[in-house]
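So the chains spell out like this:
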Amino acid sequence: PPPACTTPGAPTNVRVEATTETGVEICWDAPQSATQCDVDSYNLDLTAGDTSIPGSSTSLCYSVLLPCDQDYTITVQSVSNEAGAGGTSSPLSFSSASCPTCVTAPGPPTGLSAVAGPTTATSVTMDVSWSAVGDANAYQYFCVVQGGSCQDTPEGSGLGETVGG
């Protein structure tokens, strides 16, 4: 005997709820009909070009990891355990998030110059300068001394500090 109810209708209002760099969450509204069987699950067909990515969900949302900068189309089909596959939603086309852009560190400074300053029995001063490089907005430098140690200068621009160029 046929089931006492009809196959469920198509899900409606298919939409992208959230997008991240690594995926999307797609949601939809359940089909509404007084005579249809209960919807037990949803089949999803996500396509990118010639590639089909099937999925299923027992809730009204589906999260999936997707490569960035790709165009996709998805359809959602309702399924009743009692009556079988129901209607399929209208296709929804969307794009995944843009790929993050890489930032390249600036190259090393050029024109490095070190000029010895006054020397005493216990200290040597050194004036260090360099030419600015591209997008660099700060420089970090270190002092290496054989048989001694580096001391910060009173101005605070010494050992291993980051200073403006």
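Bear in mind that the values here come from a model prediction, so they are computed numbers and not experimental data.

Focus on the overall build of the chain
- Of the regular secondary structure elements, the chain holds zero helices and twelve strands.
- Helices and strands appear in the chain in the N-to-C order β-β-β-β-β-β-β-β-β-β-β-β.
- Counting only residues that meet the buried cut, the chain has 26% of its 165 residues in that class.
- Sequence-distant contacts, at least 24 apart, represent 51% of the contacts inside the chain between residues at least 6 apart.

Here's the deal with the pattern of salt bridges
- According to the stated counting rule, one finds two salt bridges in the structure shown.
- The partner of arginine 15 in a salt bridge is glutamate 17, with the nearest N and O atoms 2.6 Å apart.
- Linking arginine 15 and aspartate 29 is a salt bridge whose minimum nitrogen-to-oxygen distance equals 3.5 Å. Here aspartate 29 lies in strand S2 (residues 23–29) and arginine 15 lies in strand S1 (residues 12–19), a separation of 14 residues in the sequence.
- Salt bridges linked by common partners bring Arg15, Glu17 and Asp29 together as one network.

Quick word on a nonpolar patch on the surface
- A contiguous nonpolar patch, built from Leu112, Val124, Met126 and Val128 and spanning about 410 Å² of accessible area, is present on the exposed surface.
- Here the nonpolar patch takes three residues from strand S10 (residues 124–131), the largest share from any one element.
- Checked against the element boundaries, valine 128 lands in strand S10.
- For valine 128, a relative accessible area of 44% gives the class partly exposed.

Concerning the confidence of the model for the chain
- In this model, the chain carries an average pLDDT of 82, and 82% of its residues clear a pLDDT of 70 or more.
- At the low end of the mean pLDDT range in the chain sits strand S12 (residues 162–163), at 44; at the high end sits strand S6 (residues 71–80), at 96.
- Between residues 153–165, whose pLDDT stays under 50, and residues either more than four places distant or in other chains, the model counts 29 contacts.

Overview of the nonpolar core
- With 16 residues, the main nonpolar core has Val14, Ile26, Trp28, Leu46, Leu66, Ile74 and Phe94 as its most contacted residues.
- The contacts of valine 14, once residues within four sequence positions are left out, are Ile26, Cys27, Trp28, Ile74, Val76, Ser89 and Leu92.

Details of the packing of aromatic side chains
- Evaluated as defined, the whole model comprises two aromatic pairs.
- Taken together, a centroid distance of 5.3 Å and an interplanar angle of 65° make the contact between tryptophan 28 and tyrosine 42 edge-to-face. In this pair, tryptophan 28 sits in strand S2 while tyrosine 42 sits in strand S3 (residues 41–48), placing the two residues 14 residues apart along the sequence.
- The exposure class assigned to tyrosine 42 is buried, which follows from its relative accessible area of 4%.
- For the ring pair tyrosine 72 and phenylalanine 94, a centre distance of 5.6 Å and an interplane angle of 25° mean the geometry is stacked. Of the two residues, tyrosine 72 is situated in strand S6 and phenylalanine 94 in strand S8 (residues 92–95); the sequence distance between them amounts to 22 residues.

Brief notes about the side chain of serine 41
- Mapped onto the elements, serine 41 comes out in strand S3.
- Leaving out residues up to four positions away in the same chain, serine 41 has contacts with Ser57, Thr58, Gln77, Ser78 and Val79.

Looking at the state of the cysteines
- Considering all chains together, one arrives at three disulfides under this definition.
- Here cysteine 27 connects covalently by a disulfide to cysteine 61, the sulfurs 2.0 Å from one another. Where cysteine 27 bonds to cysteine 61 through sulfur, the torsion about that S-S bond is close to 110°, and the disulfide is right-handed. Of the two residues, cysteine 27 is situated in strand S2 and cysteine 61 in strand S5 (residues 61–65); the sequence distance between them amounts to 34 residues.
- Taking the relative accessible area as the measure of exposure, cysteine 27 reaches 3% and is therefore buried.
- By relative accessible area, which is 28% here, cysteine 61 ends up partly exposed.

Thresholds, definitions, all that
Every chain's residues receive numbers from 1 upward, in the order its sequence appears when written. Local features are withheld for residues below a pLDDT of 70 in this predicted model, meaning they are given only at 70 or higher, and side-chain atom pairs are given and counted only at 80 or more; totals for whole chains, interfaces and linings count all residues. Excluding hydrogens and water, the side-chain figures rest on all heavy atoms present in the structure. The helix count covers DSSP runs of H or I at least four residues long, the strand count covers runs of E at least two residues long, and both are numbered beginning at the N terminus. Buried, partly exposed and exposed residues are distinguished by accessible area as a fraction of the type maximum, computed with a 1.4 Å probe on protein chains only: under 20%, between the cut-offs, and over 50%, respectively. Residue contacts follow a heavy-atom distance rule, with two residues in contact if any of their heavy atoms lie within 4.5 Å. Salt bridges are defined by distance alone: a side-chain nitrogen of Lys or Arg within 4 Å of a carboxyl oxygen of Asp or Glu. For patches, a residue must show more than 30% relative accessible area and have no salt bridge; joins then use 9 Å for like charges and 5 Å for nonpolar side chains, namely Val, Leu, Ile, Met, Phe, Trp and Tyr. Per-residue and other accessible areas follow the Shrake-Rupley method at a 1.4 Å probe size, with only the shown protein chains counted as cover for residues. Note on scores: pLDDT gives the predictor's confidence for each residue, bounded by 0 and 100. By convention a nonpolar core is built from buried Ala, Val, Leu, Ile, Met, Phe, Trp, Tyr and Cys residues, the set being connected through side-chain atoms within 4.5 Å. What counts as a ring pair is set by centres within 6.5 Å for rings of Phe, Tyr and Trp (its six-membered ring), and what kind of pair is set by the plane angle: stacked under 30 degrees, edge-to-face over 60, tilted for all other angles. Disulfide: a pair of cysteine sulfur atoms within 2.5 Å of each other.

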